[in-house]
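Structural overview for review
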Amino acid sequence: MSAKDYIELEQTYGAHNYHPLPVVISKAEGVWVWDADGKRYIDMLSSYSAINQGHLHPRIVRAAVDQLDRVSLTSRAFSNDRMGPFLKKLCEVSGMEMALPMNTGAEAVETAIKLARRWGHQRKGIPEDMGDIIVCENNFHGRTSTIISFSSDAGSRSGFGPYTPGFVTIPYDDAAAFESSIGENTMAILVEPIQGEAGINVPSPGYLKELRRICDEKDILLILDEIQTGFARTGKMFAFEHEGIKPDVLCVGKALGGGLYPVSAVVSSRELLSVFTPGSHGSTFGGNPLASAIASAALDVLLDENLAERSAEMGAYFVTKLNEIDSRKMKEIRAKGLLIGVEFHLGEGETVRPVCQKLMEEGVLAKDTHEKTVRFAPPLTITKEEIDWAMERIARVLKGS
Ligand SMILES: *Cc1c(COP(=O)(O)O)cnc(C)c1O
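No experiment lies behind these values; they were computed from the predicted model shown.

How each quantity is defined
Residues numbered from 1 in each chain as written. Predicted model: local features only at pLDDT ≥ 70, side-chain atom pairs only at ≥ 80, totals over all residues. Heavy atoms only, no water. Helix = DSSP H or I, 4+ residues; strand = E, 2+ residues; numbered from the N terminus. Rg over C-alpha atoms; globule rule 2.2 N^0.38 Å. Buried < 20%, exposed > 50% of the residue type's maximum accessible area, 1.4 Å probe, protein only. Contact = heavy atoms within 4.5 Å. Areas by Shrake-Rupley, 256 points an atom, 1.4 Å probe, with all protein chains shown as cover. Lys, Arg positive; Asp, Glu negative; His and termini not counted. Charge placed at Lys NZ, Arg CZ, Asp CG, Glu CD. Pairing = 2+ DSSP bridges. Axes fitted to C-alpha atoms, helices over the stretch in contact; angles between N-to-C directions. Near = heavy atom within 4 Å. Polar contact = N/O pair within 3.5 Å; in protein donor to acceptor, adjacent residues only side chain to side chain. Parallel < 35°, antiparallel > 145°, perpendicular 65-115°, else oblique. Left-handed = near helix turned anticlockwise from the far one by under 90°. Nonpolar A, V, L, I, M, F, W, Y, C, P; charged D, E, K, R; others polar. Salt bridge = Lys/Arg side-chain N within 4 Å of Asp/Glu carboxyl O. Arc of directions from axis to C-beta. Domains from an automatic or database assignment. Buried area = accessible area lost by both parts, 1.4 Å probe.

**Some points on the overall build of the chain**
Of the regular secondary structure elements, the chain holds 14 helices and 15 strands. Expected size for 401 residues packed as a compact globule is a radius of gyration near 21 Å; at 21 Å, the chain falls within 12% of this value. Projected onto its principal axes, the C-alpha positions of the chain cover 60 × 55 × 45 Å. Of all 401 residues assigned to the chain, the portion counted as buried reaches 54%. When contacts within the chain are restricted to residue pairs at least 6 apart in sequence, those whose partners lie at least 24 apart make up 73%. Only carbon and sulfur atoms are counted for the fraction: they give 50% of the accessible area of the chain, which is about 17,700 Å². In the chain, which carries 43 positive and 54 negative side-chain charges, the distance between the mean positions of the two groups comes to 2 Å.

See below:
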């Protein structure tokens, strides 16, 4: 079958809830992927930062294969010999006390919302049918009906009502707006340290620190969604480390599964996670032995290969090289580590999709984030030579656009 046939099958039998670039990937290794015809591309998306360790990292694959010789799924009706060691490692890596494992990022966010609400009712005495969680404009926290209820993106939200109440939206990167939005029933603020899907919006220095101070003062939970920014993507293990703070509740996912398996978690304190009691929350697949073995190896790779440092170093190199490209269409580069957004000057109704299409033809797989920004977020294992390879092609496309 040709690439065209595979795309046609997808179009015929798959719901059209995505608009992929017309490339059919059939093989991958490290930062590289190959299409069905054997053409090689460099992966500059890393599945939205779920592949920080590179495609099919041998150590993570080994852990998965070894575990498949033992046991894959137990459910939480029984304990297994993989989950405890994995959660201990996750807590050590994040500097937290306790974790609750789930599968997808959206489930981690849902778990954090439930935690905040229970804490608000039980510990702050907010009446059961009240309580607000503050969120930011242009947020992206996932796709469940509750999460899209507080999205400001019409594409994600419209037509899916009635919406879940209990959320108050404020502008991003505006700590004063947060402070003045707090009422007696405010439970928490849920925020991304950098808004990935909104176009790599990097807030002003000190923003998270301010949020931390206000939360401490007003006894409100600081919930950070590091599903995209976590696990070394921004040049630190977690983006909150850039500001020397710690959240009360941390949502992680994506790269926790090492690109092999969906693994997410809420990581927090013993006190806060104790709002969950047997029967109050759960997941059939959450914390299963296969997931735990894979996630443990995924964390080991991040640590042993110093991927946070690499991300900082390679990110700086990438941005330097981007800045050397003389392109009138480039408007702004926003970056932290290897989370890099290039915003373009575009006319009314124009998007960067044609740029992504050209990049693809050159062998560079990148995707638009929001209409005007191309995201470059390669696996953190990328080398200077690989960046140079990509940059030669990126330069060709940007000069021509
Ligand atoms: C991807 C993402 C999610 C949702 O994760 P899924 O695994 O797709 O459910 C939530 N928050 C942020 C910041 C993300 O980037």
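**Comments concerning the sheet that holds strand 14 (residues 367–369)**
The four strands are arranged 11-12-15-14 in an open sheet whose pairing can be described as antiparallel. Lying at the two open borders of the sheet, with one neighbouring strand each, are strand 11 (330–336) and strand 14. Strand-to-strand twist across the sheet, computed as the mean angle between neighbouring axes with direction ignored, equals 30°. Taken together, the three bridges between strand 14 and strand 15 (residues 373–376) define a ladder with antiparallel strand orientation. What sits directly across from Thr369, in strand 15, is Thr373.

**Considering the site of the ligand**
In the vicinity of the ligand, the contacting residues are Thr104, Gly105, Ala106, Phe140, His141, Gly142, Glu192, Asp225, Ile227, Gln228 and Lys254. Here Ala106 contributes a backbone N or O atom positioned 2.8 Å from an oxygen atom of the ligand. Measuring from an oxygen atom of the ligand, one finds a side-chain N or O atom of Lys254 at 2.7 Å. Summarising the interface, the protein chains cover 81% of the accessible area of the ligand, which totals 380 Å² for the free molecule.

**Brief notes about the packing of helix 3 (residues 58–68) against helix 11 (residues 289–304)**
Packing of helix 3 against helix 11 leaves a shortest axis separation of 8 Å and a crossing angle of 160°. On the basis of the axis angle, helix 3 is roughly antiparallel to helix 11. Along this stretch, helix 3 crosses helix 11, giving a crossing that reads as right-handed. Two secondary-structure elements touch here, helix 3 through Arg59, Ile60, Ala63, Ala64, Gln67 and Leu68 and helix 11 through Pro289, Leu290, Ala293, Ile294, Ala297, Ala298, Asp300, Val301 and Asp304. Each residue belonging to the contact of helix 3 with helix 11 can be placed in one class, and the counts come to eleven nonpolar, one polar and three charged.

**What about the sheet that holds strand 5 (residues 132–136)?**
The strand order across the open sheet built from seven strands is 4-10-9-8-7-5-6, with neighbouring strands paired in mixed fashion. Sheet topology places strand 4 (98–102) and strand 6 (167–170) at the edges, where each strand pairs with a single neighbour. Averaged over all neighbouring strand pairs, the angle between strand axes comes to 20°, with direction disregarded. Here four bridges tie strand 5 to strand 6, and the two strands are oriented parallel to one another. Its bridge partner lying in strand 6, Val135 is registered against Thr169. Relative to strand 7 (residues 186–191), helix 5 (residues 105–124) is tilted by about 160°, and along the sheet it contacts strand 4, strand 5, strand 6, strand 7, strand 8 (221–225), strand 9 (249–252) and strand 10 (264–268).

**Examining the pattern of salt bridges**
Following the criterion strictly, the structure yields 21 salt bridges and no others. For Glu8, the salt bridge is made with Lys4, and the minimal N-O distance between the two is 3.8 Å. With Glu8 and Lys4 both in helix 1 (residues 3–13) and four residues apart, this pair spans about one turn of that helix. Taking the relative accessible area as the measure of exposure, Glu8 reaches 44% and is therefore partly exposed. You can call Lys4 exposed: its relative accessible area is 59%.

**What about helix 3?**
Residues that lie three or four places apart on an α-helix share one face, since the helix turns once every 3.6 residues. Those residues of helix 3 that fall on the buried side of the exposure criterion are Ile60, Ala63, Ala64 and Gln67. For helix 3, the angular spread of buried residues about the axis comes to 95°, placing them on one side. Structurally, helix 3 contributes buried residues whose contacts are with helix 11.

**Some details on the pairing of strand 4**
The buried count for strand 4 comes to four of five residues, which makes it a mostly enclosed element. Bridge count between strand 4 and strand 10: five bridges; the pairing is antiparallel. Among the inter-strand pairings, Met98 is bridged to a residue of strand 10, identified as Ser268.

**Looking at the domain arrangement of the chain**
Taken domain by domain, the chain consists of domain 1 (3–56 + 306–400) and domain 2 (58–304). Each of domain 1 and domain 2 was reduced to a C-alpha centroid, and the two centroids are 26 Å apart. Opposite the 30 residues of domain 1 that make contact, domain 2 presents 31 residues. The largest contributions to the domain 1 side of the interface with domain 2 come from Gln53, Lys336 and Leu339, which together make up 27% of the buried area.

**Topic: the side chain of Thr369**
Structurally, the position occupied by Thr369 is in strand 14. Residue Thr369 is classed as buried on the basis of its relative accessible area, which comes to 1%. For Thr369, the side chain forms a polar contact with the main-chain oxygen of Gly196, separated by 3.0 Å. Those residues in contact with Thr369, other than ones at most four positions away along the chain, are Gly196, Glu197, Ala198, Gly199, Ile200, Val374 and Arg375.

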